[in-house]
Amino acid sequence: MTVIQLCGRDGLPKIELQVIDNSPGIRLVSESGHVGFTVALNEDSHGMTIANKNGLPAIQLGIYHKDSGDSPLGTKPALILSDFDQDTTSLEVATKECTILQPAKKTKRPGGNAKPKSK
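This structure is a prediction, so every number in the text was calculated from the model and none was measured. (Residues numbered from 1 in each chain as written. Predicted model: local features only at pLDDT ≥ 70, side-chain atom pairs only at ≥ 80, totals over all residues. Heavy atoms only, no water.)

Let's talk about the overall build of the protein chain
Right, on to step 1. Looking only at helices and strands, the protein chain features one helix and eight strands.
Right, on to step 2. Helices and strands appear in the protein chain in the N-to-C order β-β-β-β-β-β-β-α-β.
Right, on to step 3. The buried share of the protein chain, taken over its 119 residues, is 18%.
Right, on to step 4. In the protein chain, 12% of the contacts between residues at least 6 apart in sequence involve partners at least 24 apart.
Right, on to step 5. Of the roughly 9,200 Å² of accessible surface on the protein chain, a fraction of 55% belongs to carbon and sulfur atoms. (Helix = DSSP H or I, 4+ residues; strand = E, 2+ residues; numbered from the N terminus. Buried < 20%, exposed > 50% of the residue type's maximum accessible area, 1.4 Å probe, protein only. Contact = heavy atoms within 4.5 Å. Areas by Shrake-Rupley, 256 points an atom, 1.4 Å probe, with all protein chains shown as cover.)

Side note on the pairing of strand β4 (residues 35-41)
Two faces, one strand: in a regular strand the side chains alternate between the faces of the sheet.
Right, on to step 1. Pairing analysis gives five bridges linking strand β3 (residues 23-29) to β4, with the strands arranged antiparallel. Looking across to β4, one finds that Val-29 is bridged to Val-35.
Right, on to step 2. Connecting the antiparallel pair β3 and β4 is a turn made up of five residues, with Gly-33 showing a positive phi of about 95 degrees.
Right, on to step 3. Sheet analysis places β4 next to strand β5 (residues 45-51), joined by five bridges and oriented antiparallel. If you follow Leu-41 over to β5, its bridge partner there is His-46. (Pairing = 2+ DSSP bridges.)

So, the side chain of Asn-52
Right, on to step 1. Here Asn-52 shows up in the loop between β5 and β6 (57-64).
Right, on to step 2. Here Asn-52 falls in the buried class, since its relative accessible area comes to 18%.
Right, on to step 3. Not counting chain neighbours up to four residues away, the residues in contact with Asn-52 comprise Ala-58 and Phe-84.

A few points about a nonpolar patch on the surface
Right, on to step 1. Side chains of Ile-4, Leu-6, Ile-15, Leu-17, Ile-26 and Leu-28 sit close together on the surface and give an oily, nonpolar patch of about 470 Å² of accessible area.
Right, on to step 2. Elements supplying a minimum of two residues to the nonpolar patch: β1 (2-7), β2 (13-20) and β3.
Right, on to step 3. Considering the arrangement of structural elements, one finds Ile-15 in strand β2. (Patch = residues over 30% accessible without salt bridge, like charges linked within 9 Å, V, L, I, M, F, W, Y side chains within 5 Å. Salt bridge = Lys/Arg side-chain N within 4 Å of Asp/Glu carboxyl O.)

A short note on the environment of Ile-59
Right, on to step 1. Positionally, Ile-59 belongs in strand β6.
Right, on to step 2. Accessibility expressed as a relative area gives 33% for Ile-59, which makes it partly exposed.
Right, on to step 3. Excluding anything up to four places from it in sequence, Ile-59 contacts Met-48, Thr-49, Ile-50, Leu-79, Ile-80 and Leu-81.

Details of the pairing of β3
Right, on to step 1. Relative to β3, β2 runs antiparallel, the two sharing six bridges. Counterpart to Ile-20 in the pairing with β3 is Ser-23.
Right, on to step 2. Hairpin connection, β2 to β3: the antiparallel pair is bridged by two residues, and Asp-21 has positive phi, about 50 degrees.

Points about the pattern of salt bridges
Right, on to step 1. All told, the structure shown has two salt bridges when counted by the stated rule.
Right, on to step 2. In this structure, the salt-bridge partner of Lys-14 is Asp-10, at a minimum N-O distance of 3.2 Å.
Right, on to step 3. Given the relative accessible area of 18%, Lys-14 is considered buried.

Written out as structure tokens, the structure is:
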């Protein structure tokens, strides 16, 4: 593991650059010590997370590369928006109150790939 940390006046890390098992990552930490932003690349996924003021993941954007069956998202890119009710710290509540956006499956147009003629 290789970690470079830039610390704030309080001596705590505010920016971390990491390489763990050849997988790079960046973390930005708030004044209160909660991780506010992460971006990471590894064999399983490429992704970015923006956390709320309590450090809980509010926006997650990523692409999973391996469909291990653990992720309901499969190998499609996804944007997950979590709405934490009354600043709850429960990830179970956030999971129930989230919206998952994924691209629609490609569908073939009637008559092949030709675009419809404009009138």
